[in-house]
Amino acid sequence: MGQIACNVANDYFDFKQGADKEDRVGFARPLATGALSVRQVKKVLYITVVLTAIVGIIALCLNFSWWILGLGIAIMIAIFAYSTGPFPLAYHGLGDVAVFLFYGLAATMGSYYYLCGSLSWDAIILATCMGLASVNILIVNNYRDVEEDRRANKRTIAVIYGKELLPLLYRTNTVLIPILCLAFYRPIWNFLIMMIFFLYEIRLSSQLRETKGKDLDNLLKRTSQGVLLLAIVLIAIILIHLRY
Ligand SMILES: CC(C)=CCC/C(C)=C/CC/C(C)=C/CC/C(C)=C/CC/C(C)=C/CC/C(C)=C/CC/C(C)=C/CC/C(C)=C/COP(=O)(O)OP(=O)(O)O
C-alpha cells in the first residue's frame, strides 16, 4: 500500500511541479494524459495514504516493536518526501538513495525484523542485493527522462552528472550482487543459479546505451522483471544453502 501511495503522490506532485507533461516519453500518466482530473488523483492519494496507515497500524497491533513503528513513520514521510516538501528527494539527486533504502533495506530487513524480531548478516546482504536491483529500475527511468527532468529542474543523477554515467552504474550494481552473495555459494551450483540473474541483467545493462525513446519503456519493464527474477533466485539459493 505504501508503494502505491508513493506512486500516486509522485504522479500528483510531478504533474503539479511541471515534471510530467503531455509530451512525456515514458508510460502514460493519468494526469499528464488528462485521463483523470487533479481532484480525482488527490482523492486517490488521500485514500491510499489512509489505507497505508490502517494496514500498518493493524500490522503493528499484531506484532508491536518500536523499530517497526519508526519504520512505519519513515514510510509515511517517504510517501511525500520523494516528490514534494521543502526538499523533494527525487529533485535533489537522492531518488536512487530513497529507492535503495525503501525497496531494498526497509522492505527486506523490515520484513525480516517484523517476522523474526532480530536482524542477521544474511538479511542485510539480501536487502542490499534487492536494493541495488531496484535502483537499476530508477536508473533506466532517469536515463529515459533526462531531458524532461532537466527542463523541469528535477536534478536526478542523470541531470547532475550526465546520462553517460548511468549504464556504468547499472552495470556496477549488477556486478556487485553476485559478489555480495559469495557466502551463499555452498553448494557451488548456487553460483550457477545466481548466474541466471547475472547474465539476464548484464545483457540489459549493455543495451541501455543503445536504447532510445519509447524502447526504454521495454527495457524498464525487463529491469523490473529482473527484480522478480532476483527474488526467486535468492529464495532458491537460501533454501539450498540452508540444507547444506
Ligand atoms: C501513522 C503510522 C505511524 C502508521 C504506520 C504506518 C506503517 C506503514 C506501518 C508499517 C510498519 C510495518 C508493519 C512494517 C513491516 C513490513 C514492512 C517492512 C514493510 C515495508 C514496506 C515498504 C518498505 C514500503 C515502502 C513504501 C515506500 C514509501 C516506498 C518509497 C520508495 C520510493 C522512494 C519510491 C519511488 C518510486 C517512484 C515513484 C519512482 C519513479 O518516480 P520518478 O522518478 O518521478 O519517475 P516517473 O514519474 O517518470 O516514472
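The structure presented is a predicted model; accordingly, all values stated were derived computationally and were not measured.

(A) Expanded view of the packing of helix α10 (residues 189-208) against helix α11 (residues 215-243). At a closest axis distance of 9 Å, the pairing of α10 and α11 adopts a crossing angle of 170 degrees. Relative to α11, the element α10 lies roughly antiparallel.

(B) Highlighting the site of the ligand. Taken together, 35 residues form the shell around the ligand, and within it Asn10, Asp14, Arg29, Asn141 and Lys154 come nearest. At a separation of 2.8 Å, an oxygen atom of the ligand approaches a polar side-chain atom of asparagine 10. Between the ligand and aspartate 14 there is a distance of 2.8 Å, counted from an oxygen atom to a side-chain nitrogen or oxygen. Starting from 1200 Å² of accessible surface for the ligand in isolation, the protein chains cover 85%. Mapped onto the shell around the ligand, the elements with two or more residues apiece are α1 (2-16), α3 (38-62), α4 (66-81), α5 (95-116) and α6 (121-144). Grouping the constituent residues of the shell around the ligand by class yields 18 nonpolar, eleven polar and six charged.

(C) Fine view of the nonpolar core. Ranked by internal contacts, the top residues of the largest apolar core, which has 34 residues, are Leu45, Val140 and Leu208. Those residues within four positions of leucine 45 in sequence are excluded, and the remaining contacts are Ala5, Val8, Ala9, Tyr12, Phe13 and Phe80. Grouped together as the second largest cluster of nonpolar side chains are 23 residues, Leu126, Cys181, Tyr185 and Met195 included.

(D) Representation of unusual backbone geometry. The omega torsion across arginine 186 and proline 187 is 5 degrees, close enough to zero to call that bond cis. Position of proline 187 relative to the elements: it lies in the loop between α9 (165-180) and α10. Despite not being glycine, asparagine 153 has its phi angle at roughly 60 degrees, a positive value. Here asparagine 153 is to be found in the loop between α7 (146-151) and α8 (157-161). Assessed through its relative accessible area of 55%, asparagine 153 is described here as exposed.

(E) Seen up close, the UniProt feature "transmembrane region" (unreviewed entry) in the protein chain. The feature "transmembrane region" (unreviewed entry), as given by UniProt, occupies residues 44-60, 66-85, 97-115, 121-140, 176-202 and 223-242 in the numbering adopted here. For the annotated span residues 44-60, helix accounts for 100% and strand for 0% of the residues, and the straight-line distance between the end C-alpha atoms is 24 Å. With 80% helix and 0% strand, residues 66-85 has end C-alpha atoms that lie 26 Å from one another.

(F) Geometry of the state of the cysteines. Overall, the coordinates contain zero disulfides when judged by the stated rule. Its sulfur unpaired, cysteine 116 is 18 Å from the next cysteine sulfur, which belongs to cysteine 129. Take cysteine 116: its relative accessible area is 47%, and that puts it in the partly exposed class.

(G) How the structure looks around the pattern of salt bridges. What the rule picks out here adds up to six salt bridges. Within the structure, one salt-bridge network assembled from shared partners comprises Arg144, Asp145, Lys214 and Asp217.

(H) Quick look at the packing of α1 against α3. Between α1 and α3, the least distance of the axes is 9 Å, while the angle of their chain directions is 150 degrees. By the angle between their axes, α1 is roughly antiparallel relative to α3. At the point where α1 passes α3, the crossing takes the left-handed sense. Between α1 and α3, the residues in contact are Gly2, Ile4, Ala5, Val8, Ala9, Tyr12, Phe13 and Phe15 and Val38, Val41, Lys42, Val44, Leu45, Thr48, Val49 and Thr52, respectively. The class makeup of the residues in the contact of α1 with α3 is twelve nonpolar, three polar and one charged.

(I) Structural context of the confidence of the model for the protein chain. Looking at the protein chain as a whole, the pLDDT averages 95, with 100% of positions reaching at least 70. Overall fold confidence (pTM) sits at 0.93, and the ipTM for the predicted complex is 0.89.

Conventions used here
- Residues numbered from 1 in each chain as written.
- Predicted model: local features only at pLDDT ≥ 70, side-chain atom pairs only at ≥ 80, totals over all residues.
- Heavy atoms only, no water.
- Axes fitted to C-alpha atoms, helices over the stretch in contact; angles between N-to-C directions.
- Helix = DSSP H or I, 4+ residues; strand = E, 2+ residues; numbered from the N terminus.
- Parallel < 35°, antiparallel > 145°, perpendicular 65-115°, else oblique.
- Near = heavy atom within 4 Å.
- Polar contact = N/O pair within 3.5 Å; in protein donor to acceptor, adjacent residues only side chain to side chain.
- Areas by Shrake-Rupley, 256 points an atom, 1.4 Å probe, with all protein chains shown as cover.
- Nonpolar A, V, L, I, M, F, W, Y, C, P; charged D, E, K, R; others polar.
- Core = buried A, V, L, I, M, F, W, Y, C linked by side-chain atoms within 4.5 Å.
- Buried < 20%, exposed > 50% of the residue type's maximum accessible area, 1.4 Å probe, protein only.
- Contact = heavy atoms within 4.5 Å.
- UniProt positions renumbered as here; feature names shortened; annotations may be inferred.
- Disulfide = S-S within 2.5 Å.
- Salt bridge = Lys/Arg side-chain N within 4 Å of Asp/Glu carboxyl O.
- Left-handed = near helix turned anticlockwise from the far one by under 90°.
- pLDDT = per-residue confidence, 0-100.

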